[in-house]
Amino acid sequence: MRLSGRLWPTLRDAPADAEAISHKLMVRAGLVRQLASGLYSFLPFGLRSLERIIRIIREEMDRIGAQELLLPVMHPAEIWEATGRYGLDEQFRLQDRGGRAMVLGMTHEEIITWHAARELRSYRDLPQSWYQFQTKLRDEPRPKSGILRVREFIMKDSYSMDRDVAGLEASYAAHAGAYSRIFDRAGLVWYMVESDVGMMGGMGAHEYMAPSTAGEDTIARSPGGAYAANVELAVSVAGEPDFGDAPAAPEPFDTPGIGTIDELAAFTGLSPRMLAKSVVVVTDDGTPVLALVRGEHTLHEKKLAHVVGRHRPAQPDEIREWFGASPGSLGPVGVEGVRIVADPTIARGHHVTGANRDGVHLRGVVLGRDFQAEVADIREVLEGEGCPVSGEPLILEPVIEIGNIFKLGTKYSGPLGATYLDQEGREQPIVMGSYGIGPARVLAAAIEQGNDEAGIVWPKALAPFDVHMVLVGDAGSPQGEYAERLFTELTGLGLEVLLDDRAGTKPGEKFVEAELLGCPVRVTIGKRTLPDGPLEVQVRRGRERRDVPLDGAAAAIRELWDSL
RNA sequence: CGGGACGUGGCGCAGUCUGGUAGCGCACCGGCUUUGGGUGCCGGGGGUCGGCGGUUCGAAUCCGCCCGUCCCGACCA
């Protein structure tokens, strides 16, 4: 492509409200523009990169035998009512002129299953995998970080339909293989981690995560790769303090004015590991719950929700009514009418807890002897705690979720009546899986992972162009004519080339903008180039010069590009 | 939804406290200059100061309401 006359608006300064590096660079490099909160337009060069990742995804989906189709963005509400997902907070809802309730699709499990229910009848029709690239709309409570969390975005979503769980496992594994090839080809650093099934429901799930400080999720992983999981469900081996012998019964002692774990640790001279933290919440049905974790730990709301369901923090007056004391002096001993959930770390040894009398704590409290509790993992993993598989110290790392895979089972096929007849003529529900990738998030993650002070450093596979030619000189000059020839030759060798042939743009500006855009290879043609060469070539990563002789220049550039 | 901040030409900002009719850099247009790292000089065009209402002789500036955008938290298929 010749640049003159094309839309490529670059910015010297990033918009003031851009925070994430990828956000700043995507706007500055003329890839995207914001229309409104969480709504971004892709400009031509941004679209080129988006199409490149989409192409990679499509190739790998086709390779595992998935079939591409395209489903509507707007759906009748009844289908969502059938699965109980109508009315979710993030769902855009509207009415057509006849007053019929419609929704804008947040995802397409319902619609795929609706079609599967009509088209798939026999075990001979299974398995199947269908996928699409389609816009999703979600009324996010808080769009952020440029393109990373938006209200409208394209997703590659695919769905597998199998006869049974064994078939689902095979489809799931096929997708996992495709995803690993996709993210490798995209040039990302990425992890596959165990993830929460969330509201998708089902039998198991993994997420694909690209490490980045701009990420909204955190994973725990062991350095050797033995284990990796979203902290929402990550487990760890917590260190054990030297408890010493527990007293025969809990011993009360005065702790005037002590309200926090830190204060209690300082006051008693004990490690926070010897202390139990009491957190009170109320479930949606009004049941008070006392959650116990060790002093150094933080309660993980999502993990607790798996045990007690949806809940909210208790109010101070509620706490006083149930415990007879204020936060800071609460504990599990002698409490009635309160559901008690303790982290496994509390089940070992003995701990200091509140005595449910202001200003008094108990030492030597033993679970099972002094109080009863449900034991469940409800704490956040701490960096450095032991990997549950290898025992190595766990690493906590912020990540961008770039894809996910879910074993849905019959969660959708059941309510929507997607069944088939097996070999014995019995009706069976189709066993499904669903698999997503956010192409734009892949781009943002690539930029988060590949940038320097000059701008974007694209992975080869995702750059808008393979080669960025900077012409210093007029179109009709010898340099201009040579640039045209080289452009044609490089294109003929299968490279996608941008020729900056703009008149009236200063060389310095062209160089700066080329580095901002970040294509893997830059070639400069100017007075120094002709007639003897060499041809100045810069590799964007590291901004390293790799000049090549004029003779055979195109082939040499192609070779250089291949070697990157 | 809770907390915080911001809104002045395309982008980045000053001016607001202390009211007097809008300014700077970049970008854009014209001329000259320059021609390998956002060139230099000269001359231009472009802004109902987010909106509505109020106070005032007079409002970007003070007051009220609303809208928008971002950040932290909550939430997040």
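Above: the structure in question.
A few points on the structure. (Residues numbered from 1 in each chain as written. Chains lettered and ligands numbered in written order. Predicted model: local features only at pLDDT ≥ 70, side-chain atom pairs only at ≥ 80, totals over all residues. Heavy atoms only, no water.)

### Description of the pairing of strand β29 (residues 521–525)
For clarity, the threshold we go by: Burial classes: relative accessible area under 20% of the type maximum marks a residue as buried, over 50% as exposed, and values in between as partly exposed (1.4 Å probe, protein chains only). Comment: elements are numbered from the N terminus, with helices defined as DSSP H or I runs of at least four residues and strands as E runs of at least two. Pairing between strands requires that DSSP locate at least two bridges from one strand to the other.
In terms of residue burial, β29 counts as a mostly covered element, since 5 of its 5 residues are buried. Alternating residues of β29 divide into Val521, Val523 and Ile525 and Arg522 and Thr524, and every residue in both groups is buried. Both strand β27 (residues 467–471) and β29 contribute to a ladder of 5 bridges, which runs parallel. Note that in β29 the partner of Val467 across the bridge is Val521. Sheet topology note: the β29/strand β30 (residues 536–539) ladder contains 4 bridges and is antiparallel. By the bridge assignment for β30, Val521 is matched with Val539.

### Here's the deal with the sheet that holds strand β20 (residues 374–375)
Ordered by their spatial adjacency, 5 strands build an open sheet running β16-β14-β15-β17-β20, and the pairing between neighbours is mixed. In this open sheet, the two strands that pair with only one neighbour each are β16 (311–313) and β20. Here 7 bridges tie strand β14 (residues 276–283) to strand β15 (residues 288–294), and the two strands are oriented antiparallel to one another. Bridge assignment links Val280 to a residue of β15, and that residue is Leu290.

### Side note on the sheet that holds strand β19 (residues 360–365)
So the rule is basically this: Structural elements are reduced to axes, namely lines fitted to C-alpha atoms, with helices fitted over the stretch in contact, and the angle between N-to-C directions of any two is expressed from 0 to 180 degrees.
Taken in spatial order, the 3 strands line up as β13-β19-β18 in an open sheet, and their pairing is antiparallel. Each edge of the open sheet is held by one strand with a lone partner, namely β13 (251–254) and β18 (351–357). Going from strand to strand, the sheet's axes swing by 35° on average, the running direction of each strand aside. Alignment of β13 against β19, held across 4 bridges, turns out to be antiparallel. Within the sheet, the bridge partner assigned to Glu251 lies in β19 and is Arg363.

### Looking at the protein's contact with RNA strand B
Quick note on the threshold: Any residue with a non-hydrogen atom lying within 4 Å of a molecule or strand is treated as near it. Under this definition, polar contacts are N or O atom pairs within 3.5 Å; protein pairs additionally need one hydrogen-donor-capable and one acceptor-capable atom, and for neighbouring residues in sequence, both atoms have to be side-chain atoms.
Taken together, the neighbourhood of RNA strand B is formed by 40 residues, with Arg12, Met106, Arg142, Arg149 and Glu536 sitting nearest. If you look at RNA strand B and keep only atoms within 4 Å of the protein, 56% of those are sugar or phosphate atoms. Glu509 is positioned with one of its side-chain polar atoms (N or O) 3.0 Å from a base nitrogen of RNA strand B. For the surface near RNA strand B, the secondary-structure elements that each account for two or more residues are β1 (32–36), α11 (507–517) and β29. Among the elements that line the surface near RNA strand B, the one with the most residues is α11, at 7 residues.

### Some thoughts on the packing of aromatic side chains
Note the following rule: The rule is short: rings of Phe, Tyr and Trp, with Trp giving its six-membered ring, pair when the centres are within 6.5 Å, and they are stacked under 30 degrees, edge-to-face over 60, tilted in between.
Applying the stated criterion across every chain yields a total of 9 aromatic pairs. Both rings, one in Tyr172 and one in Tyr435, keep their centres 6.2 Å apart while their planes meet at 50°; by these two values the pair is tilted. Of this pair, Tyr172 sits in helix α5 (residues 165–185) while Tyr435 sits in strand β24 (residues 431–437); the two residues are 263 residues apart in sequence, bridging distant segments of the chain. Look at Tyr172 and you get buried, because its relative accessible area is 5%.

### Examining the pattern of salt bridges
Operational definition: In the sections that follow, a salt bridge refers to a side-chain nitrogen of Lys or Arg positioned within 4 Å of a carboxyl oxygen of Asp or Glu.
Following the criterion strictly, the structure yields 46 salt bridges and no others. One salt bridge in this structure joins Arg545 and Asp547, with 2.7 Å as the shortest N-O distance. The class for Asp547 is partly exposed, based on a relative accessible area of 33%.

### A closer look at α5
This is how it is decided: By this rule the span expected of a helix is its residue count minus one, scaled by 1.5 Å.
Here α5 spans 30 Å end to end across 21 residues, near enough to the 30 Å set by a 1.5 Å rise per residue. For α5, the full list of buried residues reads Gly167, Leu168, Ser171, Tyr172, His175, Ala176, Ala178, Tyr179, Ile182 and Phe183. Taken from the residues just after α5, Gly187 is the one with a positive phi, measuring 80°.

Distances and angles like these do not, on their own, reveal function.
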